[in-house]
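# An overview of the molecular structure
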Amino acid sequence: MPFDSSQTAVVLGSGSWGTALAMVLSEHFSKVTLIGRNIEQCAEINGFHTNANYLPRIDLPKNIEASVDYKDAVDASLILFVLPTSATRSAATELASIGISTDVPLVSCSKGIERGSGIRMSEIITELMPHNPIAVHSGPTHAEEVSTHLASAAVVGSTNNDLAEGLQSVFTTAYFRTYTSDDVAGIELGGALKNVFAIAAGIISGIGLGDNAIAALVTRGLAEMTRLGIALGGRPETFSGLSGIGDLMVTCYSPHSRNNRVGKALGSGETLEEVTERLGMVAEGVPNTLSIYEAARKHGIETPIIDAVYQILYEDKSAQEALVDLLTRDLKPEMG
Ligand SMILES: NC(=O)C1=CN([C@@H]2O[C@H](COP(=O)(O)OP(=O)(O)OC[C@H]3O[C@@H](n4cnc5c(N)ncnc54)[C@H](OP(=O)(O)O)[C@@H]3O)[C@@H](O)[C@H]2O)C=CC1
Ligand SMILES: O=C(CO)COP(=O)(O)O
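What counts and how
Residues numbered from 1 in each chain as written. Chains lettered and ligands numbered in written order. Predicted model: local features only at pLDDT ≥ 70, side-chain atom pairs only at ≥ 80, totals over all residues. UniProt positions renumbered as here; feature names shortened; annotations may be inferred. Helix = DSSP H or I, 4+ residues; strand = E, 2+ residues; numbered from the N terminus. Contact = placed C-beta atoms within 7 Å. pLDDT = per-residue confidence, 0-100. Near = placed C-beta within 6 Å. Domains from an automatic or database assignment. Pairing = 2+ DSSP bridges. Axes fitted to C-alpha atoms, helices over the stretch in contact; angles between N-to-C directions. Nonpolar A, V, L, I, M, F, W, Y, C, P; charged D, E, K, R; others polar. Buried ≥ 20, exposed ≤ 12 C-beta atoms within 10 Å, placed from the backbone. Right-handed = clockwise from strand over helix to strand, strands pointing away. Core = buried A, V, L, I, M, F, W, Y, C linked by C-beta atoms within 7 Å. Parallel < 35°, antiparallel > 145°, perpendicular 65-115°, else oblique. Left-handed = near helix turned anticlockwise from the far one by under 90°.

Going by an unreviewed UniProt entry, the protein chain carries the name Glycerol-3-phosphate dehydrogenase [NAD(P)+] and comes from Rubritalea profundi. In UniProt, the protein chain has this text filed under Subcellular location (unreviewed entry): "Cytoplasm". The UniProt entry for the protein chain carries the following text under Pathway (unreviewed entry): "Membrane lipid metabolism; glycerophospholipid metabolism."

Structure follows, in C-alpha cells:
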C-alpha cells in the first residue's frame, strides 16, 4: 500500500513522541496535523513551529500543523495513535464517531496494555474501528534523539505485508530506519513490558548499585519479557529484536527514559506522587506495572522483577527489601 507525497497524515497526541514522529512523516506527506488538547500549545506549533514543553530547542518543519479538533483527521490518508495508553480507548471512540474512511490505516505507537481487559492498543483500536487496516510501530527510539536526527531504528508490524512495506517507507528517513514484521503482538508486548524493567533499572541506580546489577537486570528482564510475552501471544524471536531487547536496553541505560528517571527517584527516596508530578510527561511503566502484573497472574507466569516493581510502587515495599527478596530466591539453573 504505497503512500504519495500529496497525501496528508494525522498524529493523535502532540507530546514528545507524537511530535518527533510527525517530523519523520513530514518528509513524506504534504502536511502532518498533530491533534492535541491544549489550545495554547496548538497556537505555538502553528505560529512559532515549536513545541517547547515537550521538545525544547527543536524547530518543527513548516508542514506540521496542530489542532484540537478530531474532525481535522477526516481527510487524512494515515492516522497514528501516539497517546498515553490510558487515553487510547477514548481517542479511538472519538475518532470512530467522526466517520473516517475504512481505507485509512491506523497505527498504534504507544507502549502498554489496557488495565482490566489486558488487551493491546491495536486490539482496542480494532475493537472500535474494525474495518480499518491496523499496524503498530515500536523500537528503541527516544523522542529527544529522533527529533535531533540522531540515527535510530524501529520496526513496523502488520499482518498485511503491503501495508507494512508502505508504512516502512514513510517511517524511514536518512536518520531513521524502519524494519517490517508480522508479529504485531510481539512488537507491542516488548514495548509495554520494557517500561517496567526500565523502572527497575532506575531503582537499581537510585539505591546505589552498579553496572553489574543493571546488566543482570537487563538479562533476567529479557528472560522475563520473553516468557510473559510468549504467554500473551508474541513470538520468541521478536523479543530479540528492536522492539524487545533493543527497547529494553535503551530505556534501562538512557537518561532520556522517563521510566528510568521515575525508578531512580524512587530508589533515591522520593515518593511516587512526587516524582510523577515533577516529570510532567507520561511514564507508561507506572500504570502498566499494574496491568502487566495482573496479566502475569492471570496467565500463571513467574515474573519476579515485575512483582518487585509492583510491590515497590503499589505495596509500599522498600527497594532494599525487594532487592534482598530477589537475591535470596531459591537458586535455579540460568536457562529453562
Ligand atoms: N517519548 C518517547 O521517546 C517515546 C514514547 N513512546 C510512547 O508514546 C506514547 C506517548 O508518549 P509521549 O509522547 O512520550 O508522552 P508525553 O507525555 O510526551 O505526551 C503525551 C501527550 O498525550 C496527551 N495526553 C495526556 N493524557 C491525555 C489524555 N488523557 N487524553 C488525551 N490526551 C492526553 C498530552 O497532552 P497535554 O500536553 O495536554 O497533557 C500530550 O500531548 C506512550 O505510550 C509512550 O510510551 C514510544 C516511543 C518513544
Ligand atoms: O519508549 C521509549 C524509548 O524507546 C521511551 O521510553 P520512556 O517512556 O521510558 O522515556
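Here the focus is the environment of Cys252. Within the secondary structure, Cys252 sits in helix α9 (residues 242-253). In this structure the C-alpha to C-alpha distance between Cys252 and Gly202, which are 50 residues apart in sequence, comes to 7.2 Å. Contacts of Cys252, omitting those with residues within four sequence positions, involve Phe197, Ala198, Ala201, Ile214, Leu217, Val218 and Asn260.

Okay, the confidence of the model for the protein chain next. Here the protein chain averages 97 in pLDDT, and 100% of its residues register 70 or above. Per the prediction output, this complex has pTM 0.98; the corresponding ipTM is 0.99.

Moving on, we come to the site of ligand 2. Surveying the vicinity of ligand 2 reveals 15 residues, the closest of which are Thr141, Thr251, Ser257, Arg258 and Asn259. Elements represented by at least two residues in the shell around ligand 2 include exactly α9 and α10 (258-267). A domain split of the shell around ligand 2 shows at least three residues from each of domain 1 (8-182) and domain 2 (190-327).

For the rest of this paragraph, the subject is the sheet that holds strand β2 (residues 31-35). Taking strand neighbours across the sheet as the criterion, the 8 strands line up as β3-β2-β1-β4-β5-β6-β7-β8 in an open arrangement whose pairing is mixed. Edge positions in the open sheet fall to β3 (64-67) and β8 (176-181), since each of these has one partner strand only. The mean angle between the axes of side-by-side strands here comes to 25 degrees, regardless of whether they run parallel or antiparallel. As judged from the 5 bridges shared by strand β1 (residues 8-12) and β2, these two strands associate in the parallel manner. Paired with Val10 across the bridge in β2 is Thr33.

So, about the UniProt feature "binding site: NAD(+)" (unreviewed entry) in the protein chain. What UniProt calls "binding site: NAD(+)" (unreviewed entry) maps, in this numbering, to Gly13, Ser14, Gly15, Ser16, Trp17, Gly18, Ala143 and Arg258. Tracing the sequence through the fold places Gly15 in the loop between β1 and α1 (16-25). Residue placement: Arg258 occurs in helix α10. The contact partners of Arg258, leaving out residues within four places of it in the chain, are Leu279, Met281 and Ala283.

Bringing the site of ligand 1 into the picture now. The environment of ligand 1 is formed by 25 residues, the closest being Gly15, Ser16, Ala87, Ser110 and Met281. Looking at which element gives the most residues to the shell around ligand 1, the answer is α1, with 3 residues. Broken down by class, the residue content of the shell around ligand 1 amounts to 10 nonpolar, 12 polar and 3 charged. When residues are assigned to domains, the shell around ligand 1 turns out to be shared by domain 1 (8-182) and domain 2 (190-327), each giving three or more.

Below, the discussion takes up the pairing of strand β6 (residues 134-138). Extensive coverage of β6 is indicated by the burial of 5 of its 5 residues. Burial along β6 is two-sided: the face carrying Ile134, Val136 and Ser138 and the face carrying Ala135 and His137 are both buried. The handedness of the strand β5 (residues 106-108) to β6 crossover, carried by helix α4 (residues 121-128), is right-handed. As paired elements, β6 and strand β7 (residues 152-157) share 3 bridges and run antiparallel to each other. Among the inter-strand pairings, Ser138 is bridged to a residue of β7, identified as Val155.

Right, let's get into the nonpolar core. By size, the foremost hydrophobic cluster in this structure holds 57 residues, and its most contacted members are Val11, Leu12, Leu21, Ile79, Leu80, Phe81 and Val82. Every residue in contact with Ile79, bar those within four places of it in the chain, is listed here: Val10, Leu12, Ala73, Val104 and Leu106.

It is at 10 Å that the axes of helix α12 (residues 285-299) and helix α13 (residues 304-314) come closest, and there the two elements cross at 130 degrees. Taken together, the axes of α12 and α13 lie oblique to each other. Where α12 crosses over α13, the handedness of that crossing is left-handed. Contacts between α12 and α13 pair Val286, Thr289, Leu290, Ile292, Tyr293 and Ala296 from the former with Ile306, Asp307, Val309, Tyr310, Leu313 and Tyr314 from the latter. Along the lines of polarity and charge, the residues of the contact of α12 with α13 split into 10 nonpolar, 1 polar and 1 charged.

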